[in-house]
Amino acid sequence: MDPHNSAQDVHRCDLCETAIVHSYCDVCHVNLCKPCIGDHISDGYDKHKIVPFKERRSTLIYPKCETHPHKVCELQCKDCNNISICSFCTASEQHRGHIFVQISTVYKAQKETIKKDAEELVNTLSPTYEEIARDLENQLANLDGGYEKLTSAMSKQEEQWHREIDIVINKMKTEISEIKVKHRDILQKHLNEIKQIQSLIEQTLRAINEIEKSTEVSPTIAYSSKIREFSKLPPKIQVSMPTFIPKPIDREKLYSLFGQVTPLSTAAEGKVLSLIQPNTPVGELLDEPELVATIQTGYETLRCVACLNDGSIWTSGKTNDIKCFNSKGSLLQTVKQKSGKYPNDIAVDSDGDLLYNSGATRTVCKVKNGQTEEMIRLLEWTPSKLCVTSTGDLLVTMFSDDKTQSKVVRYSGSTEKQTIQFDYKGKPLYSGNNTSKYITENRNNDICVADWAAGAVVVVNQDGKLRWRYTGHPSVTKNKSFEPLGITTDSQSRILTADSYNHCIHILDQNGQFLRYIDNCDLKDSTGLCVDNNDNLIVCGLYKGNVKKIKYLK
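All of the points below concern the structure found in this document. (Residues numbered from 1 in each chain as written. Predicted model: local features only at pLDDT ≥ 70, side-chain atom pairs only at ≥ 80, totals over all residues. Heavy atoms only, no water.)

### Let's talk about the sheet that holds strand 6 (residues 100-102)
Part 1 of the reasoning: Reading across from one edge, 5-4-6 is the order of the three strands in this open sheet, with antiparallel pairing throughout. The open sheet has two edge strands, strand 5 (83-85) and strand 6, and neither has a second partner. This sheet shows a mean twist of 40 degrees between the axes of neighbouring strands, independent of strand direction.
Part 2 of the reasoning: Relative to strand 5, strand 4 (residues 75-77) is paired through three bridges, and the arrangement is antiparallel. (Pairing = 2+ DSSP bridges. Helix = DSSP H or I, 4+ residues; strand = E, 2+ residues; numbered from the N terminus. Axes fitted to C-alpha atoms, helices over the stretch in contact; angles between N-to-C directions.)

### Quick notes on the state of the cysteines
Part 1 of the reasoning: The tally for this structure, following the rule as stated, stands at one disulfide.
Part 2 of the reasoning: Covalent S-S linkage joins Cys 307 and Cys 530, the inter-sulfur distance amounting to 2.3 Å. Across the S-S bond of Cys 307 and Cys 530 the torsion is about 60 degrees, and the bridge reads as right-handed. With Cys 307 in strand 8 (residues 302-307) and Cys 530 in strand 28 (residues 526-531), the pair connects residues that are 223 residues apart, well separated along the chain.
Part 3 of the reasoning: Under the relative-accessibility criterion, Cys 307 is labelled buried at 19%.
Part 4 of the reasoning: Here Cys 530 falls in the buried class, since its relative accessible area comes to 8%.
Part 5 of the reasoning: Unpaired in terms of disulfides, Cys 33 finds its nearest cysteine sulfur in Cys 36, a separation of 3.4 Å.
Part 6 of the reasoning: Residue classification places Cys 33 among the buried residues on the basis of a relative accessible area of 3%.
Part 7 of the reasoning: The cysteine Cys 504 is free of any disulfide, with Cys 521 supplying the nearest cysteine sulfur at 12 Å. (Disulfide = S-S within 2.5 Å. Buried < 20%, exposed > 50% of the residue type's maximum accessible area, 1.4 Å probe, protein only.)

### Observations regarding the sheet that holds strand 29 (residues 536-541)
Part 1 of the reasoning: Taken in spatial order, the four strands of this open sheet run 7-30-29-28, and their pairing is antiparallel. Where the open sheet ends on each side, the last strands, each with one partner, are strand 7 (285-296) and strand 28. Ignoring which end each strand starts from, the neighbouring axes of this sheet average 25 degrees apart.
Part 2 of the reasoning: Relative to strand 30 (residues 546-553), strand 29 runs antiparallel, the two sharing five bridges. Its bridge partner being in strand 30, Ile 538 is matched across the sheet by Lys 549.

### What to know about the side chain of Ser 23
Part 1 of the reasoning: Tracing the backbone through its elements, the reader meets Ser 23 in strand 1 (residues 23-25).
Part 2 of the reasoning: For Ser 23, the side chain forms a polar contact with the side chain of His 22, separated by 2.8 Å.
Part 3 of the reasoning: For Ser 23, the contacting residues outside a window of four places in its chain are Val 30, Asn 31, Leu 32, Ile 37, Ile 50, Val 51, Pro 52 and Phe 53. (Polar contact = N/O pair within 3.5 Å; in protein donor to acceptor, adjacent residues only side chain to side chain. Contact = heavy atoms within 4.5 Å.)

### A few points about the packing of aromatic side chains
Part 1 of the reasoning: Evaluation of the coordinates by the stated rule reveals three aromatic pairs.
Part 2 of the reasoning: Ring geometry for Tyr 24 against Phe 53: centres 6.4 Å apart, planes inclined by 70 degrees, an arrangement best described as edge-to-face. Here Tyr 24 is found in strand 1, whereas its partner Phe 53 is found in the loop between strand 3 (50-52) and strand 4, with 29 residues between them in sequence. In terms of burial, Tyr 24 and Phe 53 fall into one category: buried.
Part 3 of the reasoning: Ring centres of Tyr 470 and Phe 482 lie 5.3 Å apart, and the angle between their planes is 80 degrees; on these two criteria the pair is classed as edge-to-face. One end of the pair, Tyr 470, is in strand 23 (residues 466-470); the other, Phe 482, is in the loop between strand 23 and strand 24 (487-489), with 12 residues separating them in the sequence. Taken individually, Tyr 470 and Phe 482 each receive the classification buried, so the pair is uniform in this respect.
Part 4 of the reasoning: A cation sits over an aromatic face here: Arg 56 above Phe 53, 4.1 Å from the ring centre.
Part 5 of the reasoning: One Lys or Arg, Lys 478, reaches over the ring of Tyr 517 and ends 4.6 Å from the middle of that ring. (Phe/Tyr/Trp six-rings, centres within 6.5 Å; stacked < 30°, edge-to-face > 60°. Lys NZ or Arg CZ within 6 Å of the ring centre and 35° of its normal.)

### Quick notes on the nonpolar core
Most often, soluble globular proteins have nonpolar side chains that are buried together.
Part 1 of the reasoning: By size, the foremost hydrophobic cluster in this structure holds 25 residues, and its most contacted members are Trp 314 and Ile 346.
Part 2 of the reasoning: Of all elements in the fold, only strand 8, strand 10 (321-325), strand 12 (345-348), strand 13 (354-358), strand 14 (363-368), strand 21 (447-451), strand 22 (456-460) and strand 23 reach the threshold of two or more residues within this core.
Part 3 of the reasoning: Residue contacts for Ile 346: discarding those within four places in its chain leaves Cys 304, Val 305, Ala 306, Trp 314, Thr 315, Ser 316, Ile 322, Leu 354, Leu 355, Tyr 356 and Leu 386.
Part 4 of the reasoning: By size, the runner-up hydrophobic cluster in this structure holds 14 residues, among which are Leu 496, Ile 505, Leu 523 and Leu 537. (Core = buried A, V, L, I, M, F, W, Y, C linked by side-chain atoms within 4.5 Å.)

### Considerations on unusual backbone geometry
Part 1 of the reasoning: Positive phi, close to 65 degrees, is recorded for Ser 493, a residue that is not glycine.
Part 2 of the reasoning: Structurally, Ser 493 can be placed in the loop between strand 24 and strand 25 (495-499).
Part 3 of the reasoning: Even without glycine at this site, His 503 takes up a positive phi of about 55 degrees.
Part 4 of the reasoning: Mapped onto the elements, His 503 comes out in the loop between strand 25 and strand 26 (504-508).
Part 5 of the reasoning: By relative accessible area, which is 32% here, His 503 ends up partly exposed.

### Concerning the environment of Leu 233
Part 1 of the reasoning: With respect to the helices and strands, the residue Leu 233 is situated in the loop between helix 6 (227-231) and helix 7 (251-258).
Part 2 of the reasoning: What makes Leu 233 exposed here is its relative accessible area of 70%.
Part 3 of the reasoning: For the pair formed by Leu 233 and Ile 197, sequence separation is 36 residues and the distance between their alpha carbons is 9.9 Å.

### Things to note about the pattern of salt bridges
Part 1 of the reasoning: Per the stated rule, a full pass over the model turns up 15 salt bridges.
Part 2 of the reasoning: Salt-bridge contacts for Lys 548 lead to Asp 522; the nearest nitrogen and oxygen are separated by 3.8 Å. Of the two residues, Lys 548 sits in strand 30 while Asp 522 sits in the loop between strand 27 (514-518) and strand 28, which places them 26 residues apart along the sequence.
Part 3 of the reasoning: Classification of Lys 548 by relative accessible area gives buried; the value is 8%. (Salt bridge = Lys/Arg side-chain N within 4 Å of Asp/Glu carboxyl O.)

### Focus: a nonpolar patch on the surface
Part 1 of the reasoning: On the surface, a nonpolar cluster with roughly 560 Å² of combined accessible area is contributed by Leu 121, Val 122, Leu 125, Tyr 129, Ile 132 and Leu 136.
Part 2 of the reasoning: Looking at the secondary structure, you find Leu 125 in helix 3 (residues 103-141). (Patch = residues over 30% accessible without salt bridge, like charges linked within 9 Å, V, L, I, M, F, W, Y side chains within 5 Å. Areas by Shrake-Rupley, 256 points an atom, 1.4 Å probe, with all protein chains shown as cover.)

So yeah, pure geometry; function would need other evidence.
Here it is as structure tokens:
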């Protein structure tokens, strides 16, 4: 066994490689036996420091001073961002009156911190991450089995549907067979009656023939004509065949009747700090937001705005005209809402198609290639505001006919997927009335609702669980109550909401912490908001009928 590679062997001298170590050079980090100490320090280098082996690595190696290269830095200057300095530096004009601390003291404190960090990493964090990794590996290992169970359950439902369809079809076939028997009986009965009459006619003809041939007086005189009786023809029976009228197949309805595949849900226990940051540049807020452009829309009352990828915007007000303008303010297109009433809200889907909803008809419609098609029709609820999510789903805020309840419903196409209405205690998340509740989805998939009547921004996660409420920021300059209207989010998951009574926009982070106001661009009576691809804020002026583009990021 190689003595240098054996874990059971004692430490050996690094020079002779045979003798047991006695000392240690704390500068060169070399193990030394007694005879080899002289050889080690005989190289002319005057900085060697030989210490007993048990005291190895006890000598601090201080950094050299940049100002005085012949000195080492044993101090830190607290007033100069803790830069390292030597004793000569303390007497210089640059550090006059400053506070100094021994580097050795900082070193020892940091060593304690490092020791505690190492213990926490070894004893707590590393095992925790190992447990998380094992759990994820187990989830991955069980993934195929779980989805096989899912498809198996669906296959069972398929078999059940086939059985039920067979039962329905067989029942209909039995009904047809019974109808066929009745049909035959009716025809046969009438045929028998006709044949009886035919037999009587034949008998009458034979009797007439005999009388005609006979010269006897009595039968001739006794003959009674039956022509009148036979002239009463029976009604011609025409029994119509039954018909089968197939009903059109409504795939969406079939899909909803067959069952429902719940959306993928990710539940995170606790707050996890991601060490892997995205490459998206973080835009810092401008000290003074800038008004970039103003577009006159021609509306007397402007309520909603929606941005397209090319920089153009859709706008709607209290008319049935929905107008699209380019970034320079030129009118590109006008769509007339079919109901003749003004839309409650507008949105743009992932294909760039316009969506709008009508409170008068309780519908949500899509305008594609100039054609309007109905997507959703509600009963007992009225749609209010719209939001297209990152996955292409549609979020709709709505209120009940009696104006006592409000909720958010997620749709995939025309299929309802999710309803968000109550918190975990069964209490309503939103105020129950017909006031506008603007809605947006944040980049972290949170669903953010500006509840005007409640005076709050209500944020739930994608599973509908309440995350936080924001009820305004205390300010001596904003003395009216916080009643948010429009709401939108930017690329950094900041949330912006219009506070029209205080003539400003509140900017929040994704956890509901207030960051700042935008209040320098004449934002009186602001309503609908959106953010374009360049993180410019687009704001509707309710009674001025204009749209403002505001740059608020560096």
